[in-house]
Amino acid sequence: MRLTALASFLTLALCLVAGTVVHAAESAPFATERDSVTLVSASDAVQPGQPTRFGLHFHLAPGWHTYWKNPGDAGEPVALTVTLSGGATGQASAIEWPTPQRLPEGPLMSYGYTSEVLLPVTLRPEPGDDTTVQVKAHAEWLVCAAVCVPEQADFTLTLPKAPPTPSAEAPLFTQAAARVPKAAPFSATIAPDGVLTLSGAGLSSRHVTDAWFIPDTPGIVDQVAPQPLARTGSGLTLKLKPLDAFHAGTPLDGLVELHSPDAAPETLAIHAHSVAMPAAPIQPPPAMPDGWLTLAGLAFLGGLILNLMPCVFPVLAMKAVGLARGQETGHRVRGAMAYMVGVLLTFAALGAITLAIRHAGIAAGWGFQFQSPVFVTAICWLLFIVALGLLGVFELPVIGAGQTAISRTHGVLADFFTGLLAVLVATPCTAPFMGAAIAGALATSPLAAMGIFLSMGLGLAAPFVLLAVLPGAGRLLPRPGAWMDTLRQFLAFPVLGTCVWLIWVLDRQVGSTGVLLLGTSLLMVGFGGWLAILGRNRAQGSYLRVAALIVCLLPLPLLAVLPPAGVVAHTPDASDVTPYSPGRLAALRKERRPVFVDMTAAWCITCLVNERVTLDSARVRSAFAQQGVTYMKGDWTNRDASIAAFLHEHGRDGVPLYVFYPRRGEGRVLPQILTPDLVISALTH
């Protein structure tokens, strides 16, 4: 009996000693039916000057989770502060976060942990006076299942001041360290439109089949939106959807989860440097028409329709009427060919400039030059001079069509510059069929893109060339007469109307200062025209004409003092119009509210016509109200990276763009020419 009692006593004593060793580095638990949480130490003692690790150890009940440093669309990250006193002092609160799990919750995405996880911190203690070290920790966290419960607790440990040895909990820290994402061995960049580019070895399709980016900070990108993967020559890209907190030009930190065909997913930490545009082109939009010939055909049709646009028609009408004067066939054909060459070379130049700008990393699309106040001012001057020429103030070979001595001497050159002028004033317009063609051109190879731009030029040049070249086509025009001078003068007023519109565009871009400078320059051009009239039949005519030229050129220095684009902030014209932002659109979509997105610009004539005729009509506004549709407008008058990204996402590189998002399902792109019936049909079906 005595031996049995002694054995029992020794066994109990050993168990107690063992229990003391096992639990010396773990605090008393905070326990609920949802979770059990303790503070643990990686060592059984603390030595000042040597790194010491502590951690919050979670045991979560099935169905419950807590959150990572970026909780996602909902939740709060765990907060932990550890403080030492007594034999050592120090404080730490920077958690070394293990890789989180993605936790989809309906239309939301969260990042966090389930089951069991250790969240460690590391500190380097300073010497203290006591022989023992008091460890105190305060923690706050949120645990969620069907409901979310905020929790907090204070934990304490008492450890000796001595050289440390691994505690019984040390393996937990080893496991946690293995779960902390390592720095990626490849480079990363982020562009203003949200394209994340990864470049380096081990990113080919043989090694990576899919990828997902998790930002360190919430509100940067839409965490539920798809992240399409595309291949580049040196790696891959992920198309992220920026939100309001995303700022172009700012680096982006986070994790990238790489999926391999023959291994478990690997999560790496990346620091993406900001660049102007993706290092390599992303895949063209899936809705793009197939085949180069299809795109070229659409471009030709779009160019054909540009002839009817109000900026272009007056100039071309005078050139066509000039054919009625009965020029001999050879002269007429040479003029038509010169006009076509002017159109094609200008289209080629615009296409090359657009491609070069995009290659340099700047978002640019059709009509991009009208985002420049300098260009708007210059084209307004040019059109004002054309209008004065139509009124007879100047003898302009560009509009003379064989009527003047200048035209007879420089007819081919005049026709060439007419082609150049027609293209420049046509660029604010986006005709039907052009949207897909331009987007396709900017998504394909440079050689194919130039072919598409030239096809558009052929479409613009075709009517005048056919009228000049085809035998007997001139008989379709009225006989020459005094009516031609009257028509020429009448056509000056649509051109002057275009000048008024450009003044409004400049006001939208830079405000009243720009309008004052432009008005002053137009006054000087008009004064130069008056001097030119005085010099026609006077002995000092040559001097007056030189003076007129000098006066007309005097406004050029004003270009240098124009305010930059974007100094004026514009609000929507109506209280029921919501300004576009990626974050606001994402929020409305999550609320399952229908949204009509209108991407427009003050310099886009097609946009303005659609707004006045259709979108501002009582029928359409009433339909918006009845269906609960949010009318969201994006103004691309000045450069805007988020709007450029939205256009690219929908296969466009210019405005207008109209997209209707129903309560459920994906957005539907509407045609570029709208009617009330078409919009109402889209809302109701």
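K.L.:
Break down the overall build of the chain for me, citing the residues and quoting the values.
P.N.:
Within the chain, the regular secondary structure consists of 20 helices and 25 strands. Each of the 685 residues in the chain was classed as buried or not, and the buried ones make up 50%. Put simply, of all contacts in the chain between residues at least 6 apart along the chain, 74% involve residues at least 24 apart. Accessible area of the chain: about 30,700 Å², with a carbon and sulfur share of 64%.

K.L.:
Pulling in residues and values, what's your account of the packing of aromatic side chains?
P.N.:
Where two aromatic rings form a pair, the distance of their centres and the angle of their planes describe that pair. Tallied over the entire structure, the rule returns eight aromatic pairs. Residues F624 and Y631 carry aromatic rings whose centres are separated by 5.5 Å and whose planes lie at 40 degrees to one another, so their mutual orientation is tilted. Note on accessibility: F624 and Y631 belong to one class, buried.

K.L.:
Kindly report on the sheet that holds strand β21 (residues 577-579), identifying the contributing residues and their values.
P.N.:
Strand pairing in a sheet takes place through backbone hydrogen bonds and is either antiparallel or parallel in direction. The sheet built from five strands is open, its strands ordered β21-β23-β22-β24-β25 with mixed pairing. Across the chains shown, the open sheet's two edge strands, defined by having one partner strand only, are β21 and β25 (668-670). Adjacent strand axes in the sheet meet at a mean angle of 30 degrees, parallel and antiparallel pairs treated alike. Taken together, the three bridges between strand β24 (residues 657-661) and β25 define a ladder with antiparallel strand orientation. Considered in β25, the bridge of F660 is made with R668.

K.L.:
Describe the pattern of salt bridges, and please don't skip the residues or the numbers.
P.N.:
Within this structure, the stated rule accounts for nine salt bridges. Note that D616 and R621 form a salt bridge whose closest N and O atoms lie 3.1 Å from each other. Here the salt bridges do not stand alone but share partners, grouping E33, R34 and E151 into one network.

K.L.:
Break down the packing of helix α18 (residues 618-627) against helix α20 (residues 676-684) for me, citing the residues and quoting the values.
P.N.:
Packed helices, taken two at a time, are described by their axes: the angle between them and the distance between them. Packing of α18 against α20 brings their axes to within 9 Å, and their N-to-C directions diverge by 10 degrees. Compared by their axis directions, α18 and α20 come out roughly parallel. Taking contact as the criterion, the partners of R619, V620, A623, F624 and Q627 in α18 are, on α20, P676, D677, V679, I680, L683 and T684. Across the contact of α18 with α20, the residue classes tally to seven nonpolar, two polar and two charged.

K.L.:
Run through the nonpolar core, naming residues and quoting values.
P.N.:
Ranked by internal contacts, the top residues of the largest apolar core, which has 38 residues, are F54, F58, V82, V135, W141 and F155. The leading source of residues in this core is strand β11 (residues 132-144), at six residues. Discounting chain neighbours no more than four positions away, the residues touching F58 are S36, V37, T66, V78, S115, E116, V117, L119 and W141. Counting 25 residues, the second largest nonpolar core, distinct from the first, contains W501, V505, L518 and V525.

K.L.:
Can you lay out the side chain of T52 for me, pointing to particular residues and giving the numbers?
P.N.:
With respect to the helices, strands and loops of the structure, T52 is situated in strand β3 (residues 52-60). Reaching out from T52, the side chain makes a polar contact with the backbone oxygen of Q50 at a distance of 3.2 Å. When residues no more than four places from it in sequence are discounted, the contact partners of T52 are S43, V46, V121, T122, L123 and P125.

K.L.:
So what's going on with the side chain of Q227? Residues and values would help.
P.N.:
Along the chain, the position of Q227 falls in the loop between β16 (210-215) and β17 (229-231). At 2.7 Å, the side chain of Q227 forms a polar contact with the backbone nitrogen of F213.

K.L.:
Which residues make up the pairing of strand β4 (residues 65-72), and what values go with them?
P.N.:
Residues in a regular strand project their side chains so that they alternate between the two faces of the sheet. Counting buried residues along β4, seven of its eight residues qualify, which places the element largely inside the surrounding structure. Here β4 pairs with strand β8 (residues 108-114) via four bridges, running antiparallel. Residue pairing across strands places Y67 opposite G112, the latter belonging to β8.

K.L.:
Hey, could you go over a nonpolar patch on the surface for me, with residue numbers and the actual values?
P.N.:
A grouping of F300, L301, L304 and L458 is seen on the molecular surface, where their side chains present a nonpolar patch of about 290 Å² in accessible area. Residue contributions to the nonpolar patch peak at three residues, all from helix α3 (residues 292-306). Take L301: it is sitting in helix α3.

K.L.:
How would you sum up the state of the cysteines? Please name residues and give values.
P.N.:
Each disulfide consists of one covalent bond between the sulfur atoms belonging to two cysteines. For the structure on display, the rule yields zero disulfides. In this structure C499 is a free cysteine whose sulfur lies 4.3 Å from that of C380, the closest cysteine sulfur available.

K.L.:
How would you sum up the sheet that holds β3? Please name residues and give values.
P.N.:
Here we have four strands laid out as an open sheet, ordered β1-β2-β3-β9, and antiparallel in their pairing. This sheet does not close on itself; its edge strands, each paired only once, are β1 (30-31) and β9 (116-123). Pairing geometry for strand β2 (residues 35-41) and β3, over seven bridges, is antiparallel. Note on β3: the bridge partner recorded for L39 is L56.

K.L.:
Could you give me a rundown of the pairing of strand β6 (residues 88-92), with the residues and numbers involved?
P.N.:
In this sheet, β6 lies alongside strand β5 (residues 79-86) in antiparallel orientation, the contact comprising three bridges. From the neighbouring strand, T83 faces β6, where its bridge partner is Q91. If you look at the hairpin formed by β5 and β6, you'll find one residue sitting between the two strands. Bridge count for β6 against strand β10 (residues 126-127) is two bridges, and the pairing is antiparallel. Within β10, the residue paired with A88 across the bridge is P127.

K.L.:
Give a detailed account of helix α11 (residues 446-469), specifying residues and quantitative values.
P.N.:
A rise of 1.5 Å per residue sets the reference length of α11, with its 24 residues, at 34 Å; its end C-alpha atoms lie 32 Å apart and thus fit the reference within 8%. When the local axis directions of α11 are compared, the greatest deviation, roughly 45 degrees, occurs at A462, which is followed within four positions by the proline P463.

K.L.:
Before we move on, can you summarise the confidence of the model for the chain with the specific residues and values?
P.N.:
Per-residue confidence for the chain averages 77 on the pLDDT scale, and 73% of its residues sit at or above 70. Per-element mean pLDDT across the chain ranges from 39 in helix α8 (residues 405-409) up to 96 in β2. Every residue in residues 397-410 is under pLDDT 50, and counting partners more than four places away or in other chains gives 31 contacts. For residues 565-573, every residue scores under 50 in pLDDT, and the model assigns this stretch 20 contacts once sequence neighbours within four places are set aside.

K.L.:
Would you mind going over unusual backbone geometry in detail, with residue names and values included?
P.N.:
In this model, S115 sits at a positive phi of 65 degrees, which is unusual for a non-glycine residue. Here S115 falls in the partly exposed class, since its relative accessible area comes to 49%. Even without being a glycine, R592 presents a positive backbone phi close to 60 degrees. Within the secondary structure, R592 is located in the loop between α16 (582-590) and β22 (595-600).

K.L.:
So, the environment of V386: which residues are in play, and what are the values?
P.N.:
On the secondary structure map, V386 appears in helix α6 (residues 373-390). Assessed through its relative accessible area of 3%, V386 is described here as buried. Each C-alpha atom of the pair V386 and L496 lies 8.9 Å from the other, and the pair is 110 residues apart in sequence.

What counts and what doesn't
- Residues numbered from 1 in each chain as written.
- Predicted model: local features only at pLDDT ≥ 70, side-chain atom pairs only at ≥ 80, totals over all residues.
- Heavy atoms only, no water.
- Helix = DSSP H or I, 4+ residues; strand = E, 2+ residues; numbered from the N terminus.
- Buried < 20%, exposed > 50% of the residue type's maximum accessible area, 1.4 Å probe, protein only.
- Contact = heavy atoms within 4.5 Å.
- Areas by Shrake-Rupley, 256 points an atom, 1.4 Å probe, with all protein chains shown as cover.
- Phe/Tyr/Trp six-rings, centres within 6.5 Å; stacked < 30°, edge-to-face > 60°.
- Pairing = 2+ DSSP bridges.
- Axes fitted to C-alpha atoms, helices over the stretch in contact; angles between N-to-C directions.
- Salt bridge = Lys/Arg side-chain N within 4 Å of Asp/Glu carboxyl O.
- Parallel < 35°, antiparallel > 145°, perpendicular 65-115°, else oblique.
- Nonpolar A, V, L, I, M, F, W, Y, C, P; charged D, E, K, R; others polar.
- Core = buried A, V, L, I, M, F, W, Y, C linked by side-chain atoms within 4.5 Å.
- Polar contact = N/O pair within 3.5 Å; in protein donor to acceptor, adjacent residues only side chain to side chain.
- Patch = residues over 30% accessible without salt bridge, like charges linked within 9 Å, V, L, I, M, F, W, Y side chains within 5 Å.
- Disulfide = S-S within 2.5 Å.
- Expected span 1.5 Å × (residues − 1).
- Bend = angle between axes of the 7 residues up to and from the residue.
- pLDDT = per-residue confidence, 0-100.

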